[in-house]
Amino acid sequence: MSVKPSVLFVCVHNAGRSQMAAAFLTTLGRGAIEVRSAGSQPASQVNPAAVEAMAEIGIDMSAEIPKILTTEAVKDSDVVITMGCGDECPYFPGKRYEDWVLEDPAGKGVDSVRPIRDEIKTRVEALIASLTPTGAQQ
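Residues numbered from 1 in each chain as written. Predicted model: local features only at pLDDT ≥ 70, side-chain atom pairs only at ≥ 80, totals over all residues. Heavy atoms only, no water.

### Some words on the packing of aromatic side chains
This is how the line gets drawn: Side-chain rings of Phe, Tyr and Trp (the six-membered ring for Trp) are treated as a pair once their centres are within 6.5 Å; stacked means planes under 30 degrees apart, edge-to-face means over 60, and tilted covers the remaining angles. Put simply, DSSP marks the helices as runs of H or I at least four residues long and the strands as runs of E at least two long, and each gets a number from the N terminus on.
Scanning the entire structure with this criterion turns up one aromatic pair. Taken together, a centroid distance of 5.8 Å and an interplanar angle of 55 degrees make the contact between Phe 9 and Trp 100 tilted. Placement of the pair is Phe 9 in strand S1 (residues 6-11) and Trp 100 in the loop between strand S4 (96-99) and helix H4 (110-131), with a sequence separation of 91 residues.

Shown next, in the form of structure tokens:
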């Protein structure tokens, strides 16, 4: 891994799970980890229920835009975390790959998105602990 590890979160639409994970890692990682997110078939906008659920806990992702998954993004990342894109994610030897099985928040209201958000936070906290010597969060 490089001096500053980099993580790429990938889901099909890059509108919910991967956006929430990236927002958590950006906030909790405190600049110690480079963060990317992308989708194999990006949506036109981030899921409004995901934006609302994150805003409830003080994280603003209202300006985020779904991005297309590129080979370069995978190549430039130390850790690639997939959330439902399956075989559409390119594979490069030497990268750390994880698949987080999480419910898709698409089409759900904020009440249904909160538990998904909370599960993502727990996983991101464990990820930070595995990537940084002391963990960047408080």
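### Looking at the sheet that holds strand S2 (residues 34-39)
In plain terms, the rule: Think of it this way: DSSP has to see at least two bridges between two strands before they count as a pair. In this analysis, axes come from line fits to C-alpha atoms, helices being fitted only over the stretch in contact, and the angle between any two N-to-C directions falls in the range 0 to 180 degrees. Contacts were defined at the residue level, with two residues in contact if any of their heavy atoms lie within 4.5 Å.
Spatial strand order, S2-S1-S3-S4: four strands in an open sheet with parallel pairing. Sheet topology places S2 and S4 at the edges, where each strand pairs with a single neighbour. Sheet twist, expressed as the average angle between the axes of neighbouring strands with direction ignored, equals 20 degrees. Pairing of strand S3 (residues 79-82) with S4, which is carried by four bridges, proceeds in the parallel orientation. When the bridges of S4 are listed, Thr 82 appears paired with Asp 99. Lying over the sheet, helix H1 (residues 17-29) contacts S1 and S2, oriented at roughly 160 degrees with respect to S1.

### Looking at the nonpolar core
In globular proteins that are soluble, nonpolar side chains generally tend to be buried together. Selection rule: In this text, buried Ala, Val, Leu, Ile, Met, Phe, Trp, Tyr and Cys residues form a nonpolar core when linked through side-chain atoms within 4.5 Å. Only protein chains enter the accessibility calculation, which uses a 1.4 Å probe; a residue whose area is less than 20% of its type maximum is buried, one above 50% is exposed, and one in between is partly exposed.
Within the largest apolar cluster, 32 residues are counted, with the highest numbers of intra-cluster contacts made by Val 7, Phe 9, Trp 100, Val 124 and Leu 127. In terms of residue count, H4 provides more of this core than any other element does, eight residues in total. Of all hydrophobic cores here, the second largest spans eight residues; its members include Leu 8, Ala 38, Ala 73 and Val 80.

### Some thoughts on the pairing of S2
To be explicit about the condition: Seen with its strands pointing away from the viewer, a crossover is right-handed if its path from the first strand over the helix to the second goes clockwise.
The sheet contact formed by S1 and S2 spans six bridges and is parallel. In the sheet register, Phe 9 faces S2, and the bridge partner there is Ser 37. As for the winding sense of the linkage, the β-α-β connection from S1 through H1 to S2 is right-handed.

### Some remarks on the pattern of salt bridges
Side-chain pairs of opposite charge can arise where the charged atoms are in close proximity. Which entries qualify depends on this criterion: Between Lys or Arg on one side and Asp or Glu on the other, a salt bridge is scored when a side-chain nitrogen of the former is within 4 Å of a carboxyl oxygen of the latter.
Within this structure, the stated rule accounts for eleven salt bridges. Asp 111 serves as the salt-bridge partner of Arg 114, at 2.4 Å between the closest nitrogen and oxygen. Here Arg 114 and its partner Asp 111 are both found in helix H4, three residues apart, which amounts to about one turn of the helix. Where Arg 117 meets Asp 118, a salt bridge forms, and the shortest distance between an N and an O atom there is 2.9 Å. According to the relative accessible area criterion, Asp 118 is partly exposed, its value standing at 39%. A network of salt bridges, in which partner residues are shared, links Glu 56, Asp 111, Arg 114, Arg 117 and Asp 118.

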